[in-house]
Amino acid sequence: VSSPPLTVGIVGGGQLGRMLALAGIPLGVRCVCVEPADVAPAAVAADVIRADYGDHAALGELARRCDVVTVELEHVDVDALGWLSERLTVHPAPQIVATVQDRLLEKQALRRAGVATATFAEPSACPTGYPGGTVVKRRLGGFDGRGQLRYDGSADALAAADELGGPCIVEEVVPFDRELSIVAARSVDGSVACYPVVENRHVDGILRETIAPAVAADQATAEELVRNLLSSWGYVGTIGVELFEVDGALLANEVAPRVHNSGHWTIEGSATSQFEQHVRAICGLPLGDVSTVGPSGMVNLLGGWPDPASVLALPHAHLHLYGKAPRPQRKVGHVTVVAPTVGQRDTTMAAVRVLMDVRRSSSSEDAVSAPPCPGGC
Ligand code: AMP
């Protein structure tokens, strides 16, 4: 865009906006978020305009105050992004956000870019699903495994789509060995930097832990896949691509057109975090070094947080609380672990797991002692 000082507008003011804004501060980049919720985790580091994502007065203010606009979530009003893009630069492009909002368009676009995915079809074209196993998903609005029904074999896809409501996609179940992801960034000048492939462990469809780097993953193939995607989409910014590893092959499942939960470890585990990288990319600044500091991991704090002092007493552990009120399964923070050895990383991750188990068994959600919450809980 130009040289700092710059102002970045962010549609969304949650924890991703907060970590983006925090990453921008040392670079001389300020952030302004649009966020309708009363509590905006980004408020500790950014100005927040309290308004709906599609509110034209708020978007007009964003356009006046900012040099470039980005998103911290994909389920935003694409027309609003289009309106903004007529006034200033928006990265990633509104058309890309519109594509990934819709699981059918997303998978079609992945295939067009030469990226392998699970076999899929519209329900009318595949009414009995797939004999090897069937997943029926809502095309719009589903995340963290919500809005989908799974069957061990064939299924009545039309009835499943009726039950889910709204347009759906039918996918073949992939008998994957592991779930992986790759986070990468592409700058305005087309240069690309890829982080190591990581392994993601989910519980109930929600990311619980990330191991970075993933053991024996095919980094070269994952990088080629994400590079193809970034260049064929003309993408600018950080992207997260969720992958299934099956018999060593990689299939893309989902694309996040933004910084990704599986890249949070980069805050301490990489020379340049995914958040700083996104700020650099969208502002037209050079991309940063993505060398890793050491074996890393990330544990999401879901539903509440363990005693902060106990986490901070663990070697190699870094605590991140988002200033959000605890609620069942809600992402309220994460712990990053960056250790000199894999063994030390694993020991600390196990200790964090134990602290979370202690929290779950010893306290009801509202009995958790609240840490200072500058954003307001
Ligand atoms: P999604 O909302 O597409 O990210 O799906 C949530 C989770 O459901 C994924 O992380 C996988 O564990 C599982 N899943 C989704 N699609 C498939 C598929 N086609 N085959 C096997 N598992 C799937």
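Remember, it's a predicted structure, so these values are computed and weren't measured experimentally.

Before going further, it helps to spend a moment on the overall build of the protein. When helices and strands are tallied, the protein shows eleven helices and 18 strands. Computed over its C-alpha atoms, the radius of gyration of the protein comes to 20 Å, within 12% of the 21 Å expected for a compact globule of 377 residues. With respect to the principal axes defined by its C-alpha atoms, the protein has extents near 55 × 50 × 40 Å. For the protein, the proportion of its 377 residues judged to be buried stands at 57%. Contacts in the protein between residues far apart in sequence, at least 24 positions, make up 61% of those at least 6 positions apart.

Applying the stated criterion to the full structure yields two aromatic pairs. With a centroid separation of 6.4 Å and 80° between ring planes, the pair formed by Y195 and W265 is classed as edge-to-face. Here Y195, found in the loop between β11 (192-194) and β12 (198-203), pairs with W265, found in the loop between β15 (249-256) and α8 (266-269); they are 70 residues apart in sequence, far enough to count as distant. One exposure class covers both Y195 and W265, and it is buried. In this arrangement the basic side chain of R87 is found over the ring face of W83, its NZ or CZ atom lying 3.7 Å from the centre.

The five strands lie next to each other as β3-β2-β1-β4-β5, forming an open sheet whose pairing is parallel. At either end of the open sheet lies a strand with only one pairing partner, and these are β3 (47-49) and β5 (89-90). Sheet analysis places strand β1 (residues 6-11) next to strand β4 (residues 68-71), joined by four bridges and oriented parallel. Pairing of G9 across the sheet is with V69, part of β4.

The subject of this paragraph is the environment of L110. One can find L110 in helix α5 (residues 103-112). Classification of L110 by relative accessible area gives buried; the value is 0%. On a C-alpha basis, the gap between L110 and E163 in space is 27 Å, while along the polypeptide they are 53 residues apart. Excluding residues within four positions of it along the chain, L110 makes contact with V115, T117, L229, W233, A252 and V255.

The four strands are arranged β6-β9-β7-β8 in an open sheet whose pairing can be described as antiparallel. Strands at the two margins of the open sheet, each flanked by one partner only, are β6 (120-121) and β8 (148-151). For β6 and strand β9 (residues 168-172), the ladder comprises two bridges, and the chain directions are antiparallel. Within β9, the residue paired with F120 across the bridge is E171. Its contacts with the sheet put helix α6 (residues 157-164) on β7 (134-138), β8 and β9, and the angle it makes with β7 is roughly 35°.

For an α-helix the count is 3.6 residues per turn, leaving residues at separations of three or four pointing the same way. For α5, every residue scored as buried is listed here: R103, L104, E106, K107, A109 and L110. Between the side-chain oxygen at the start of α5 and the backbone nitrogen of L104 there is a gap of 2.9 Å, and the oxygen is on D102. A positive backbone phi angle near 85° is found at G114, which sits one or two residues after α5.

With an omega dihedral of -5°, the bond running from H91 to P92 counts as a cis peptide bond. Mapped onto the fold, P92 is located in the loop between β5 and α4 (94-101). The step from A212 to P213 runs through a cis peptide bond, and the omega angle for that step is -5°. You can see P213 is positioned in the loop between β13 (206-212) and α7 (219-233). Phi at D204 is positive, roughly 55°, even though this residue is not glycine. With respect to the element layout, D204 can be found in the loop between β12 and β13. One non-glycine residue, D247, lies in positive phi territory at about 50°.

All right, on to the site of the ligand then. Taken together, 16 residues lie near the ligand, and R103, K137, E172, V174 and E179 sit nearest. R103 places a polar side-chain atom, nitrogen or oxygen, 2.9 Å from an oxygen atom of the ligand. Here an oxygen atom of the ligand and a side-chain polar atom of E254 are 3.1 Å apart. Protein burial of the ligand: of its 470 Å² of free accessible surface, 92% is covered by the chains. Mapped by element, the contributors of at least two residues to the shell around the ligand are β7, β8, β9, β14 (237-246) and β15. The residue inventory of the shell around the ligand, partitioned by class, reads five nonpolar, three polar and eight charged.

On to the pattern of salt bridges, then. All told, the structure shown has 17 salt bridges when counted by the stated rule. Two residues, D102 and R139, come together in a salt bridge whose shortest N-O distance is 2.8 Å. Remark: R139 occurs in the loop between β7 and β8 and D102 occurs in the loop between α4 and α5; sequence separation between them is 37 residues. For the residue pair D102 and R139, the accessibility class agrees, reading buried in each case. Across the salt bridge formed by E245 and R178, the nearest N and O atoms sit 2.7 Å from each other. One end of the pair, E245, is in strand β14; the other, R178, is in strand β10 (residues 178-186), with 67 residues separating them in the sequence. The pair formed by E245 and R178 is uniform in burial state, with each residue classed as buried. Each of R178, E199, R201, E209, E245 and R353 takes part in salt bridges that share partners, so that together they form one network.

About the thresholds
Residues numbered from 1 in each chain as written. Predicted model: local features only at pLDDT ≥ 70, side-chain atom pairs only at ≥ 80, totals over all residues. Heavy atoms only, no water. Helix = DSSP H or I, 4+ residues; strand = E, 2+ residues; numbered from the N terminus. Rg over C-alpha atoms; globule rule 2.2 N^0.38 Å. Buried < 20%, exposed > 50% of the residue type's maximum accessible area, 1.4 Å probe, protein only. Contact = heavy atoms within 4.5 Å. Phe/Tyr/Trp six-rings, centres within 6.5 Å; stacked < 30°, edge-to-face > 60°. Lys NZ or Arg CZ within 6 Å of the ring centre and 35° of its normal. Pairing = 2+ DSSP bridges. Axes fitted to C-alpha atoms, helices over the stretch in contact; angles between N-to-C directions. Polar contact = N/O pair within 3.5 Å; in protein donor to acceptor, adjacent residues only side chain to side chain. Near = heavy atom within 4 Å. Areas by Shrake-Rupley, 256 points an atom, 1.4 Å probe, with all protein chains shown as cover. Nonpolar A, V, L, I, M, F, W, Y, C, P; charged D, E, K, R; others polar. Salt bridge = Lys/Arg side-chain N within 4 Å of Asp/Glu carboxyl O.

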